[in-house]
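Report on the structure
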Amino acid sequence: MKKLICAVLAAAFAAGSLTGCSLPGKAAEPQRYSTVFYDVFDTVTTVIAYCGSEEEFTRQTDALHADLLEYNNLYDIYHNYDGLNNLKTINDNAGKAPVAVDAKILSMLQEAVKLYDTTNGQTNIAMGAVLNLWHDAREAGIADPDHAALPSDDTLHAAAQHCSITDVEIDAAAGTVYLKDPDMRLDVGSCGKGYACEMVAQAAEARGLTSALISVGGNLRAIGTKPDGTSWTGGVEDPWNAGTETYQNSSYLSAVYLTHNSAMVTSGDYQRYYTVDGVRYHHLIDPDTLYPAQYFDSVTVLCADSGLADCLSTGLFCMSLEDGQALVEKLDGVEAMWCLSDGKTIVKSSGWAAMEK
């Protein structure tokens, strides 16, 4: 999972659900409930919420789960679904014909194209041809570690010739998407999960959910505050000790308040990876080198939109600290925290400390 489940959320979830009763004739006090889903975006989704009853919580989370499943199917690049045009449908029709798609695809792709410009091309949904080579090599290497291998430089550079964002033609009026290059493939791993998390949170708010913390594989999105008025909290995991014997589930490097329905997303190199000749190769590919980015072990972004945070965390992971700091400082309402690859150095944007717990 690219975006990792934060320790603070895990601790909160482990505390369990609270139940209670109310006196006849009095409105029920909101109680704390929680649930887990395992079937969307190839990750673990947790929801903690305060509701007036278990029935209300179930109604809300059933609807939220259904929304997530819809986005999962729409943004899938590996599977077809009966009667549904999704990203795989678009990829399968590259160079052939425009594909009519749901507005949930159009709006996500439009935002992703904007973020391509914002990140100077470091977040690029048109890199599917390159990312697919790494995906296949990683899957093969995990399945058969003794024969794990890297994609060849020749195949990587050949694939890189088919990653131009200008070949993604989005016709909002017609409701279609067309890839002009027949060898181009979309991959929205850098933004799809975060965008979906934001949209389902907004939909849940519209249905009346007023106090919740949603984590889609660690893409955190807060809704409102807790009933006592305190903010939800998100924690940044220690990327240098995650998965080691010394790592504790309660260990985190920073805890921040998620105020005003804000979101927090982390991109890290320490969970989705494989090993070749003793060297670990993670899944966050630098568009400039076509190899896993080497600047950091994790980058966390805090802002008011989960989709924006998702795109930015990927983009910042693939650019130098100096360039990343300059980008964050010019974006309103965006803060970031970088864990450098030296195994000890933490750098925070100018406004991060003000959000820390």
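Residues numbered from 1 in each chain as written. Predicted model: local features only at pLDDT ≥ 70, side-chain atom pairs only at ≥ 80, totals over all residues. Heavy atoms only, no water.

1. Re the sheet that holds strand β5 (residues 176–179)
- Overall, antiparallel pairing links the three strands, which are arranged β3-β5-β4 in an open sheet. The open sheet has two free edges, formed respectively by β3 (99–100) and β4 (168–171), since each of these has just one partner strand.
- Strand direction decides the pairing type here: β3 and β5, joined by two bridges, are antiparallel. Bridging across to β5, V99 finds its partner in V177.
- Sitting on the sheet, helix α4 (residues 103–118) is in contact with β4 and β5, with an inclination near 130° to β4. (Pairing = 2+ DSSP bridges. Helix = DSSP H or I, 4+ residues; strand = E, 2+ residues; numbered from the N terminus. Contact = heavy atoms within 4.5 Å. Axes fitted to C-alpha atoms, helices over the stretch in contact; angles between N-to-C directions.)

2. Section: the packing of helix α2 (residues 54–74) against helix α7 (residues 192–206)
- At their nearest, the axes of α2 and α7 sit 10 Å apart, and the two run at 150° to each other. Both α2 and α7 take part in a crossing whose hand is right-handed. The residues of α7 that touch α2, namely those facing Q60, L64, D67, L68 and Y71, are A196, M199, V200, A203 and A204.
- The class makeup of the residues in the contact of α2 with α7 is eight nonpolar, one polar and one charged. (Left-handed = near helix turned anticlockwise from the far one by under 90°. Nonpolar A, V, L, I, M, F, W, Y, C, P; charged D, E, K, R; others polar.)

3. A word on the pattern of salt bridges
- The final tally for this structure, using the stated rule, is 11 salt bridges.
- One salt bridge connects R221 with E205, and the closest N-O pair in it is separated by 3.1 Å. Separated by 16 residues along the polypeptide, R221 in strand β7 (residues 219–223) and E205 in helix α7 bring together distant segments of the chain.
- For R221, a relative accessible area of 3% translates into the label buried.
- The class of E205 is partly exposed, set by a relative accessible area of 26%.
- With a closest N to O distance of 2.9 Å, E356 and K348 form a salt bridge.
- On the accessibility criterion, K348 (33% relative accessible area) is partly exposed.
- Salt bridges here are not isolated pairs; linked through shared partners, they connect E70, D102 and K104. (Salt bridge = Lys/Arg side-chain N within 4 Å of Asp/Glu carboxyl O. Buried < 20%, exposed > 50% of the residue type's maximum accessible area, 1.4 Å probe, protein only.)

4. Digging into the nonpolar core
- With 68 residues, the main nonpolar core has Y75, L87, I90, L109, L316 and W338 as its most contacted residues.
- When residues no more than four places from it in sequence are discounted, the contact partners of L87 are L74, Y75, D76, I77, I105, M108, L109, L186 and V188. (Core = buried A, V, L, I, M, F, W, Y, C linked by side-chain atoms within 4.5 Å.)

5. Some details on unusual backbone geometry
- Notably, D42 is not glycine yet its phi reads approximately 55°, a positive angle.
- Turning to its location among the elements, D42 is positioned in the loop between β1 (31–40) and β2 (43–51).
- A residue is classified by how much of its surface remains accessible, and D42, at 65% relative accessible area, is exposed.
- Of note in the backbone geometry, D277 takes a positive phi value of approximately 50° without being a glycine.
- Mapped onto the secondary structure, D277 falls in the loop between β11 (273–276) and β12 (279–282).

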